[in-house]
Amino acid sequence: DGGITQSPKYLFRKEGQNVTLSCEQNLNHDAMYWYRQDPGQGLRLIYYSQIVNDFQKGDIAEGYSVSREKKESFPLTVTSAQKNPTAFYLCASSITAVSNQPQHFGDGTRLSIL
Amino acid sequence: DAKTTQPNSMESNEEEPVHLPCNHSTISGTDYIHWYRQLPSQGPEYVIHGLTSNVNNRMASLAIAEDRKSSTLILHRATLRDAAVYYCILRVTTSGTYKYIFGTGTRLKVLA
């Protein structure tokens, strides 16, 4: 079935360590997104990519980095510069970034600090 | 900046209709209203969206006020599987692309 796969489901990070969250989609969508969700809160946009080899900062990009080398993949790295990384991270995709089609979400990665 | 305001929680009895309200008084003419719902530890699921006219699909109906400053998501017969957090979202235009502005959502409890 087509969809978005995020891995791992749970991830633990030590202080000062970078970690990478995986997001893969087989929907043939051009646009992909990363969101952060804190307890009891809505989602906030970290980065988005309209097309391969292109990405833009969202509202809370500091301490994060991304790459978009393949259409299907949009990994997110949480760097040591992100001082409060504990959160639920969600990846999404849409046909394009300029269409009115809905975004499709993965089931998230929960990141915790050891 | 555009934002949405929703009640923190609502309750409904099973098999009764549910009306989930949303205020978006700062909405602009090109902002679409989207609704998603989210179960614990899962990603949000698309429910419905609209611009000016009321919309219906197999999951729900969306009623948009004439001045577009508020909208209501209508679940015609609530089931236990409809218990979730419902987000009213504005899809706004930024630098030529669209992005979602999420609120904090309404937690819907469905009573058997």
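Look up: the structure comes first, before these words.
Because the structure is a prediction, the values reported are computed rather than measured. Numbering of residues starts from 1 in each chain and follows the order in which that chain's sequence is written. Labels are handed out in written order, letters beginning with A for the chains and numbers beginning with 1 for the ligands. Local features in a predicted model are, by the rule used here, given only for residues with pLDDT of at least 70; side-chain atom pairs are given and counted only at 80 or more, and totals for whole chains, interfaces and linings are based on all residues. Where side-chain values are given, they derive from all heavy atoms of the structure, hydrogens and water being excluded.

*Asks:* Can you help me understand a nonpolar patch on the surface in this one?
*Replies:* For patches, a residue must show more than 30% relative accessible area and have no salt bridge; joins then use 9 Å for like charges and 5 Å for nonpolar side chains, namely Val, Leu, Ile, Met, Phe, Trp and Tyr. Areas reported here follow the Shrake-Rupley algorithm with a probe of radius 1.4 Å; residue values treat only the protein chains shown as occluding. Any carboxyl oxygen of Asp or Glu that lies within 4 Å of a side-chain nitrogen of Lys or Arg is treated as forming a salt bridge with it. The grouping of Tyr10, Phe12 and Leu114 of chain A at the surface amounts to a nonpolar patch, some 370 Å² of accessible area in total. Put simply, DSSP H or I for four residues or longer makes a helix, DSSP E for two residues or longer makes a strand, and each gets a number counted from the N terminus. Here leucine 114 of chain A shows up in the segment after β11 (109-113).

*Asks:* Help me understand the interface of chain B and chain A in this model?
*Replies:* Interfaces are often sized by the accessible area lost when the parts come together. Working rule for contacts: check all heavy atoms of both residues, and any pair within 4.5 Å makes them a contact. Between chain B and chain A, the contact holds 20 residues from the first and 24 residues from the second. Surface buried jointly by chain B and chain A totals about 1,800 Å² across both partners, of which 50% is contributed by carbon and sulfur atoms. The tally of links between chain B and chain A comes to one salt bridge. Taking the shortest distance from any N to any O, the salt bridge between aspartate 59 of chain A and lysine 99 of chain B comes out at 2.6 Å. Buried area: the accessible surface (1.4 Å probe) lost by two parts on joining, summed over both.

*Asks:* Which parts of the structure should I look at to understand the sheet that holds strand β3 (residues 19-25) of chain A?
*Replies:* What holds strands together in a sheet is hydrogen bonding between their backbones, with the strands either parallel or antiparallel. All names here are of chain A. Read from one edge to the other, the open sheet built from four strands follows the order β1-β3-β8-β7, with strand pairing classed as antiparallel. Edge positions in the open sheet fall to β1 (4-7) and β7 (64-66), since each of these has one partner strand only. This sheet shows a mean twist of 20° between the axes of neighbouring strands, independent of strand direction. Pairing between strands is defined by DSSP: at least two bridges between the two strands are required. Pairing of β3 with strand β8 (residues 76-78), which is carried by three bridges, proceeds in the antiparallel orientation. Bridge pairing links valine 19 to valine 78 in β8. Axis angles are defined between N-to-C directions and span 0 to 180 degrees, where every axis is a line fitted to C-alpha atoms and, for a helix, only to the segment in contact.

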